[in-house]
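Single-letter residue listing:
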Amino acid sequence: MYDVAIIGAGPAGGSAAIFAAKAGKKTIVLDNNKSVTKRAWMENHYGAPEIAGPDLVETGIKQAKKFSAEFVETTVTSVSKTDSGVKVVTENGEYEAKHVIIASGMMTDVAEASGLATKDGTEPRIKTIFDVDAAGKTNVEGVWAAGTCAGVSMHTIITAGDGAKVAINVISELNGERYVDHDVLKA
């Protein structure tokens, strides 16, 4: 049983994985290696004067692994509420977690198979998004969404921030109190 399972390793999912794993939560990321970010070039990402999408994704994965997040390349087919959390079904097997964060970019295919509410997208070329509240919660208990699939702008800096926000909310719920992750400059 994982504390947090994250679907997608792009900027939103990778950022969520960094925060969850750094907070000591047993974290797994399930990714199909089809991130649209892997085709991007960015010169508008704070902290990186310019960076290729594949490098940004790989850097995020490396950082999350540093904090012990696990990564599995697979395609998720459904998520469902269980008595103890959420079951994630993939093409290669099943995983169970207390909470799931869907950070699947432009893809919301898993919605229909999982009973997740959707609505029309608001960004150009984004037809459907998960219907989430301000914290990132979907209509299924324990299932959250972050990034483009949750209706925020497609810009990687924004989706990464949304992934962090949703992860902080999940960690706070797991801890039973508001979680803050602030490091101090090393002397």
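Since we're looking at a predicted model, the values are computed, not measured.

Draft legend 1. Broad picture of the pattern of salt bridges. Tallied over the entire structure, the rule returns six salt bridges. One salt bridge in this structure joins Lys 98 and Asp 3, with 3.1 Å as the shortest N-O distance. Taken together, the residues span a long stretch of sequence, with Lys 98 in strand 8 (residues 93-102) and Asp 3 in strand 1 (residues 2-7) at a distance of 95 residues. Judged by its relative accessible area of 15%, Asp 3 falls in the buried class. Residues Asp 181 and Lys 22 are paired through a salt bridge, measuring 2.7 Å at the closest nitrogen-oxygen approach. With a gap of 159 residues between them, Asp 181 in the segment after helix 4 (156-175) and Lys 22 in helix 1 (residues 11-22) connect regions that are remote in the sequence. The partly exposed category is assigned to Lys 22, whose relative accessible area is 27%.

Draft legend 2. Highlighting the packing of helix 1 against helix 4. For the pair helix 1 and helix 4, the least separation of the axes is 7 Å and the interaxial angle reads 35°. Helix 1 and helix 4 meet at a crossing whose hand is right-handed. Judged by residue contacts, Pro 11, Ala 12, Ser 15, Ala 16, Phe 19 and Ala 20 of helix 1 engage Thr 156, Thr 159, Ala 160, Gly 163, Ala 164, Ala 167, Ile 168 and Ile 171 from helix 4. Across the contact of helix 1 with helix 4, the residue classes break down as ten nonpolar, four polar and no charged.

Draft legend 3. Looking closely at the packing of aromatic side chains. Following the criterion strictly, the structure yields zero aromatic pairs and no others. Here the guanidinium or amino end of Lys 26 rests over the ring plane of Tyr 2, the centre of that ring lying 4.9 Å away.

Draft legend 4. Summary view of the side chain of Ser 172. Looking at the element boundaries, Ser 172 is found in helix 4. A distance of 2.8 Å separates a polar atom in the side chain of Ser 172 from the backbone oxygen of Ile 168. In this view, Ser 172 contacts Glu 177, Arg 178 and Tyr 179; residues no more than four positions away in its chain are not counted.

Draft legend 5. Region of interest: the nonpolar core. Membership of the largest hydrophobic core comes to 23 residues, with the highest contact counts inside it found for Val 79, Val 88, Val 100, Ile 102, Leu 116 and Phe 130. Looking at this core, the elements that each hand over two or more residues are strand 1, strand 2 (27-31), strand 6 (76-81), strand 7 (86-90), strand 8, helix 3 (110-114) and strand 11 (143-145). Looking at this core, the element that brings in the most residues is strand 8, giving four residues. Those residues in contact with Val 88 that sit more than four places away from it in its chain are Ala 5, Ile 7, Leu 30, Val 76, Ser 78, Val 79, Gly 93, Glu 94, Tyr 95 and Val 100. The next biggest cluster of nonpolar side chains, apart from the first, holds 19 residues, and it includes Val 57, Trp 144, Val 166 and Val 170.

Draft legend 6. Fine view of the pairing of strand 6. With five bridges joining them, strand 6 and strand 7 adopt antiparallel strand pairing. In the sheet register, Lys 81 faces strand 7, and the bridge partner there is Val 86. Connecting the antiparallel pair strand 6 and strand 7 is a turn made up of four residues.

What counts, and at which threshold
The residue numbers shown here count from 1 along each chain, following its written sequence. In keeping with the model being predicted, local features are shown solely for residues with a pLDDT of at least 70 and side-chain atom pairs are shown and tallied solely at 80 or more, while totals for entire chains, interfaces and linings include all residues. Only heavy atoms go into the side-chain values, all of them from the structure, while hydrogens and water stay out. Throughout this description, the term salt bridge denotes a Lys or Arg side-chain nitrogen within 4 Å of a carboxyl oxygen of Asp or Glu. By the criteria applied, helices consist of DSSP H or I runs no shorter than four residues and strands consist of E runs no shorter than two, each listed in order from the N terminus. For every residue, the accessible area obtained with a 1.4 Å probe (protein chains only) is divided by the maximum for its type, and the residue is called buried under 20%, exposed over 50%, and partly exposed between those limits. Each axis is a line fitted through C-alpha atoms, and for a helix only the stretch in contact is used; angles between axes span 0 to 180 degrees, taken between their N-to-C directions. Handedness of a helix crossing follows the sense of rotation of the near helix relative to the far helix, less than a right angle counterclockwise being left-handed and clockwise being right-handed. Should any heavy atoms of two residues lie within 4.5 Å, those residues are considered in contact. Residue type decides the class: Asp, Glu, Lys and Arg count as charged, Ala, Val, Leu, Ile, Met, Phe, Trp, Tyr, Cys and Pro as nonpolar, and the leftover types, Gly among them, as polar. Only the six-membered ring of Trp is used, alongside the rings of Phe and Tyr, when aromatic pairs are assigned; centres must lie within 6.5 Å, and planes under 30 degrees apart are stacked while those over 60 apart are edge-to-face, with the rest tilted. Put simply, a charge is over a ring when the Lys NZ or the Arg CZ is close to the ring centre, within 6 Å, and near the line of the ring normal, within 35 degrees. Each polar contact in these results corresponds to two N or O atoms within 3.5 Å; when the atoms are within protein, one needs to be able to donate a hydrogen and the other to accept it, and residues that are neighboring in sequence are counted only if both atoms are side-chain atoms. Residue types Ala, Val, Leu, Ile, Met, Phe, Trp, Tyr and Cys, when buried and joined through side-chain atoms within 4.5 Å, form a set referred to as a nonpolar core. At least two bridges found by DSSP between two strands is the condition for calling them paired.

Everything listed here is a matter of geometry and, on its own, says nothing about what the molecule does.
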